Amino acid sequence: ASAAPDGIRVNQLGFAPQARKVAVLPAGATGEVEVIDAASGAVAWRGRTKPAATWKESGETVMLADFSALTRLGEYRIRADGAAPSERFVVRAGVYAELNRAALKAFYYNRSGMALDAAYAGVYARAAGHPDTRVLVHASAASKERPEGTVIASARGWYDAGDYNKYIVNSGISTYTLLAAFEHYPDYFARKRTGIPESANQLPDILDEALWNLAWMLTMQDPHDGGVYNKLTNQRFDGIVMPAGASTEPRYVVQKGTAATLDFAATMATAARVLKPYEQQLPGLSARMLRAAEAAWEWARANPAVAFRNPAGVVTGEYGDATFDDEFAWAAAELYISSGKDSYYAAMQPAGVSASVPQWADVRGLAWISLAHHRNSLSAVADRKLIAARVDGLAASLAATWRSSAYGVPMQGGDFVWGSNAVALNQSMMLLQAYRLNGKRDYLDAAQAGLDYVLGRNAAGYAFVTGFGARQVMHPHHRPSMADKVAAPVPGFLAGGPHAGQQDKGDCKAVYPSALPALSYIDDDCSYASNEVAINWNAPLVYVSAALDVLGGE
Ligand code: G3I
Ligand code: 9MR
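This write-up is about the structure you can find in this document.

**Quick word on the site of ligand 2**
Taken together, the residues surrounding ligand 2 are Asp 163, Phe 237, Trp 418, His 477, Arg 479, Asp 507, Tyr 528 and Glu 532. Between an oxygen atom of ligand 2 and a side-chain N or O atom of His 477, the distance comes to 2.7 Å. Taking Arg 479, its side chain carries an N or O atom lying 2.8 Å from an oxygen atom of ligand 2. Its atoms largely coinciding with the cavity grid, ligand 2 occupies the largest pocket. Grouping the amino acids of the shell around ligand 2 by side-chain chemistry returns 3 nonpolar, 1 polar and 4 charged.

Right under this line is the structure:
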């Protein structure tokens, strides 16, 4: 099935009964809309659209239909004269449970150094690649204790994306987001089994998954000084091969840096707190993580401005970031919460820290997420009013955009960057923090709109998660999906999404359908700038799908 370009757009999975439910209709449609039972054709809801408006991001003139009043469980389609009907969707509780399970399982499919057994991976079973048990210290990372060429073990971890390298900066925000999902919705994840080798143990699967990467992250810290290497990488990207078929040229740990070290500190401090109740299963680990976090913090204090640039000869992903105030704030906040030491709160200098939608290069929003979640148990130094004001302030501005958007989404202009679908979900994640604080219904509804957007209520008309929805992404830039000879891509991955910059034009022969931001997407595996997958894009999908399942009433 494929949504005609002039079709009615809707979240192709569906909605919880009490959720805000919105569809986008093309300008050619009449203002009369019907939601019909998909099987019987009976009319379940009838109403009118809002007036037409133009979304400059896609150049479309569209109308919104709000059918939230339809709460009866069922499977439906939306129709209107003058437009192709929508795809099918359902109304029921727990509507994102399978999506959430798959989004989390995607991390398993991207594990480095592990064979994926058919018992867990089905047709996506594969041999292990990149054991990383013998990795070289690169010239850029050499120290007295570890000169160039020193061999270290740095196994496990997730591949970053469609490539096979492992980057600390991007691992930090990704791992944190999974830990936060568990910290905020423990009951939801306590029961959730993703079908991984650890599913039979005493830990929730989401923690087992996070531990796979945390174990690797710990190896990326130089034990002699607390500094953390930016990445574990090939010199050049591997070809389009399965992990086991990848180049056997040496892999390196490359240059320590301030951003990587602080992201590590924040993530380890968070993990120390979240894993503390599992002392029996993980003896000593929580304390070890907190020590590692504090040692990283000390290194960053002594080396406060070491920006990362790819050293000569290394051309893989850079995740270069030269501003560190956000990483300092995030690390300080997590260390404060987990250690209870007021000095970290002071070091955060919270009055000078704004809130923004998180992404790999800007992590200050993560500090506010954690402070808001823990606000009732913080020590006296914490300014609770400030915490609430920061979280609400960001949500209010996102909700204002959502309210005035022709598409009814918080996404706009500058949000269509590389990985824009994750911008939508990180916006939702921040809106949800404000909703959890003050219960303002608009924030929940705007957060729902962000998930609706990636699941089909978008200009490209795709449900952007592999394996889900009626109009699916089939060709992500993901080496296993490209090389495995299975027609369907590995499921549960969020495609990067429309990217106004179209920064793969030189390499990708496929043609972008439009120069407009919201249409700058190609479902072709050559399009790494619009159709790659990445751990930092999947993590907010895990968070938001869980939160909306829980808050919508599973
Ligand atoms: O910071 C500049 C800004 O000053 C400028 O105005 C703007 C206009 O183009 O660009 C900004 O830089 C962008 C940067 O991200 C920071 O947002 C670059 O153009 C853009 O190319 C860059 O994209 C990153 C991309 O790697 C290329 O480096 C993506 O955020 C990042 O998600 C992506 O990550 C890759 C890894 O490197 C390798 N593994 C796969 C992964 C996903 O594609
Ligand atoms: O596969 C690489 C992808 O993971 C990166 O995000 C992207 C940008 O750094 O680069 C991809 O590799 C391409 C390389 O940059 C240029 N030659 C084609 C490669 C894709 O096959």
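From this point, the narrative continues.
**So, helix H5 (residues 205-219)**
In this model, H5 (15 residues) spans 22 Å end to end at C-alpha, consistent with the 21 Å of a helix rising 1.5 Å per residue. Of all the 15 residues making up H5, 13 are buried; the element is thus mostly covered by neighbouring parts of the structure.

**Focus on the layout of surface pockets**
A volume near 1,000 Å³ is recorded for the largest pocket. Taken together, 43 residues form the lining of the largest pocket, with Tyr 319, Trp 360, Trp 418, Gly 419 and Trp 537 sitting closest to its centre. Contributions of two or more residues to the lining of the largest pocket are made by helix H11 (384-404), helix H12 (420-438) and helix H16 (535-551). Here the lining of the largest pocket is composed, by residue class, of 22 nonpolar, 14 polar and 7 charged. A volume near 300 Å³ is recorded for the second largest pocket. Taken together, 19 residues line the second largest pocket, and the ones lying closest to its centre are Lys 50, Leu 64, Trp 402, Arg 403 and Gly 408. Of all elements in the fold, only strand S6 (60-66), H11 and helix H13 (441-454) reach the threshold of two or more residues within the lining of the second largest pocket. Looking at the lining of the second largest pocket, its residues break down into 9 nonpolar, 3 polar and 7 charged.

**Details of the pattern of salt bridges**
The final tally for this structure, using the stated rule, is 26 salt bridges. Arg 111 is paired through a salt bridge with Glu 209; the nearest N and O atoms lie 2.9 Å apart. In this pair, Arg 111 sits in the loop between helix H1 (97-109) and helix H2 (118-121) while Glu 209 sits in helix H5, placing the two residues 98 residues apart along the sequence. Residue classification places Arg 111 among the buried positions, given a relative accessible area of 0%. Between Asp 132 and Lys 166 there is a salt bridge, with its nearest N and O atoms 2.8 Å apart. Of the two residues, Asp 132 sits in the loop between H2 and strand S9 (135-137) while Lys 166 sits in strand S11 (residues 166-167), which places them 34 residues apart along the sequence. Given a relative accessible area of 0%, Lys 166 falls into the buried group.

So, how was this worked out
- Residues numbered from 1 in each chain as written.
- Chains lettered and ligands numbered in written order.
- Predicted model: local features only at pLDDT ≥ 70, side-chain atom pairs only at ≥ 80, totals over all residues.
- Heavy atoms only, no water.
- Near = heavy atom within 4 Å.
- Polar contact = N/O pair within 3.5 Å; in protein donor to acceptor, adjacent residues only side chain to side chain.
- 1 Å grid on protein atoms, 1.4 Å probe; cavity = no way out; pocket = protein on both sides within 12 Å on 5 of 7 lines; lining within 4 Å.
- Sits in = over half its atoms within 2 Å of the grid points.
- Nonpolar A, V, L, I, M, F, W, Y, C, P; charged D, E, K, R; others polar.
- Helix = DSSP H or I, 4+ residues; strand = E, 2+ residues; numbered from the N terminus.
- Expected span 1.5 Å × (residues − 1).
- Buried < 20%, exposed > 50% of the residue type's maximum accessible area, 1.4 Å probe, protein only.
- Points joined across faces, edges and corners; volume = space filled by probe spheres on them.
- Salt bridge = Lys/Arg side-chain N within 4 Å of Asp/Glu carboxyl O.

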